[in-house]
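Here's the letter readout for the chains.
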Amino acid sequence: MDELEFRTRVYANPTDVDKDLLEAAQAEPRLQTILDDARAFEADLQHQLQNIEIPAALANTLLDLPERAESSAPVASKLASTSFFQYYAMAASLVLAVGIAAVLTLNGGPSATETAFGADLIMHMYHEINEIDAITAGTDTSTIAMPAVAQVMAEAETQFNDEEFLRAMPVRFAKPCVIIPTYQSAHLMVQGSHGAVNVIVINNSPVNSEYSIQDDRFDGVVVPMNEGNLILIGEKDENLDEYKALFEDRVEWTI
Amino acid sequence: MSDTPVIHGNTKQQRYESLVAALYQDVFRYTYWLCKSKPLAEDLVQETFLRAWRSLESLQSDKAAKAWLFTILRRENARLYERYRPELVDIEGQAIAENDENEPDNRMDRELLHNAINRLESEYREPLLLQVIGGFSGKEIAEILDLNNNTVMTRLFRARSKLKQELKLDGTDLDE
């Protein structure tokens, strides 16, 4: 065994070298020196990487997370309070015409973050308005095949646990969309009684509680679901409760 | 070995608590070196364990819990950096434990090594962290990082070589 091979293998894993490496080191003092040096360096490296002060309250904070999550109380996170809030606050300031009404909240109404999220969702309807109009007008009667629907769902890290129910409800549109930055969502449109019903599944931070969104044309509802949110948006007069009942228990996250 | 089950108990709550107890320190250390910020590391660890709690039923094998948790963490870190790139102040040495009583003999300056690790490119630092802090084998690291095993072993070799070169402890030619 030459020195380069020996060094390569020792450096790749100094603490768990094979028998043939040990034998080579014993037979060749130069290789033994390399092994000894590598192990000494590894001790320093391990010490350095492990010698990180663990925040004293971290364990208790982590142990408390389930209770806080299950009680629907917002989990204190600086990530949510900085990046998300800043983004959504900015979005909210740009979109003033969208009306948001709380259906059920624990604290009197949607937060600024949720309000802005609702605004983004309504805005997205107009991004896809040609397709919505085509379905509502009955000019698009095509049906997306189930594997294609599943692929779109998979890209958003989600899936249906039961696809049978979709067979009676043609999926006219299925597309991965980015409604808010960096969050891949699955956007489906199914044929409703009054036109296209948009079904959006997005793996972003769950909203605190269900709330409705609306504008002059559309009504919608944002439903928190464990890892993310399910959003249903249809034309006025569409019975979204019917679709909520169908989709809510059939969507699951893949991570 | 990293495939030792770290989850115990019958209820979801018990399983989660054993997961926290077994891994939160390693997860925090790994996160700190990954994002180089103690406050950010705390947030990321919380996000990771919250997601783990919500997905605990999807964990197929308790033996895979550690790799599963580190995968969630890496994904959370990627999400964070996709949507939010904080201005990090230079915090070199900030989170290093103050207690040096049990420190081994100073064969090298701690600060130099700390800085050298921080300067290591992520493609070399990540497998090194997973091996040294996480205790993962080359095969496990390959699965977590979605690389082949040979690439992982090469990167581990280069990671240590680069550190040694920067500390002037080794004359290995990385282009060899």
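Residues numbered from 1 in each chain as written. Chains lettered and ligands numbered in written order. Predicted model: local features only at pLDDT ≥ 70, side-chain atom pairs only at ≥ 80, totals over all residues. Heavy atoms only, no water.

Peer 1: Just checking my understanding: could you explain helix α3 (residues 29-50) of chain A for this structure?
Peer 2: For the α-helix, the turn length of 3.6 residues means that residues three or four positions removed from each other point alike. Across its 22 residues, α3 of chain A extends 31 Å between first and last C-alpha, which sits within 8% of the 32 Å expected from 1.5 Å per residue. By the burial criterion, the buried members of α3 of chain A are Leu31, Ile34, Leu35, Ala38, Phe41, Glu42, Asp44, Leu45, Gln48 and Leu49 of chain A. (Helix = DSSP H or I, 4+ residues; strand = E, 2+ residues; numbered from the N terminus. Expected span 1.5 Å × (residues − 1). Buried < 20%, exposed > 50% of the residue type's maximum accessible area, 1.4 Å probe, protein only.)

Peer 1: How should the packing of helix α6 (residues 138-145) of chain B against helix α7 (residues 149-166) of chain B be read in this particular structure?
Peer 2: Two packed helices can be described by the angle between their axes and the distance between those axes. Residue and element names in this part refer to chain B. With their axes 8 Å apart at the nearest point, α6 and α7 run at an angle of 105 degrees to one another. On the basis of their axis angle, the class for α6 and α7 is roughly perpendicular. Contacts between α6 and α7 pair Gly138, Lys139, Ile141 and Ala142 from the former with Asn149, Val152, Met153 and Leu156 from the latter. The residue makeup of the contact of α6 with α7, split by class, is five nonpolar, two polar and one charged. (Axes fitted to C-alpha atoms, helices over the stretch in contact; angles between N-to-C directions. Parallel < 35°, antiparallel > 145°, perpendicular 65-115°, else oblique. Contact = heavy atoms within 4.5 Å. Nonpolar A, V, L, I, M, F, W, Y, C, P; charged D, E, K, R; others polar.)

Peer 1: Teacher, can you tell me more about the packing of aromatic side chains here?
Peer 2: Aromatic ring pairs: the centre-centre distance and the angle between the two ring planes describe each pair. This model, assessed by the stated rule, comprises ten aromatic pairs over all chains. Centroid distance tyrosine 16 of chain B to phenylalanine 49 of chain B: 6.4 Å. Interplanar angle 85 degrees. Geometry classified as edge-to-face. Of this pair, tyrosine 16 of chain B sits in helix α1 (residues 12-35) while phenylalanine 49 of chain B sits in helix α2 (residues 38-55), and the two are 33 residues apart along the sequence. Phenylalanine 49 of chain B matches tyrosine 16 of chain B in its accessibility class, with the two residues each being buried. With a centroid separation of 5.5 Å and an interplanar angle of 75 degrees, the aromatic rings of tyrosine 32 of chain B and tryptophan 33 of chain B are classed as edge-to-face. For the pair formed by tyrosine 32 of chain B and tryptophan 33 of chain B, the shared burial category is buried. Ring pairing ties together the aromatic residues Phe160, Phe165 and Phe247 of chain A, which thus form one cluster. In this structure, lysine 12 of chain B is placed above the aromatic ring of tryptophan 53 of chain B, and the distance from its NZ or CZ to the ring centre is 4.1 Å. Its end group placed over the ring of phenylalanine 136 of chain B, lysine 66 of chain B keeps NZ or CZ at 5.6 Å from the ring centre. (Phe/Tyr/Trp six-rings, centres within 6.5 Å; stacked < 30°, edge-to-face > 60°. Lys NZ or Arg CZ within 6 Å of the ring centre and 35° of its normal.)

Peer 1: Could you clarify how one ought to interpret the nonpolar core in this entry?
Peer 2: Generally speaking, nonpolar side chains in soluble globular proteins are found buried as a group. Counting 61 residues, the largest nonpolar core has Leu45 and Leu62 of chain A together with Leu19 and Phe49 of chain B as its most contacted members. The element contributing the most residues to this core is α1 of chain B, with twelve residues. (Core = buried A, V, L, I, M, F, W, Y, C linked by side-chain atoms within 4.5 Å.)

Peer 1: Please clarify how the pairing of strand β8 (residues 228-235) of chain A should be interpreted in this entry.
Peer 2: As a general feature of sheets, a regular strand has side chains that alternate between the two faces. All names here are of chain A. In terms of residue burial, β8 counts as a mostly covered element, since eight of its eight residues are buried. The pairing of strand β5 (residues 195-202) with β8 spans five bridges and is classified as antiparallel. In the sheet register, valine 201 faces β8, and the bridge partner there is leucine 230. Counted along the chain from strand β7 (residues 218-225) to the antiparallel partner β8, the turn is two residues long, and its residue asparagine 226 has a positive phi close to 45 degrees. (Pairing = 2+ DSSP bridges.)

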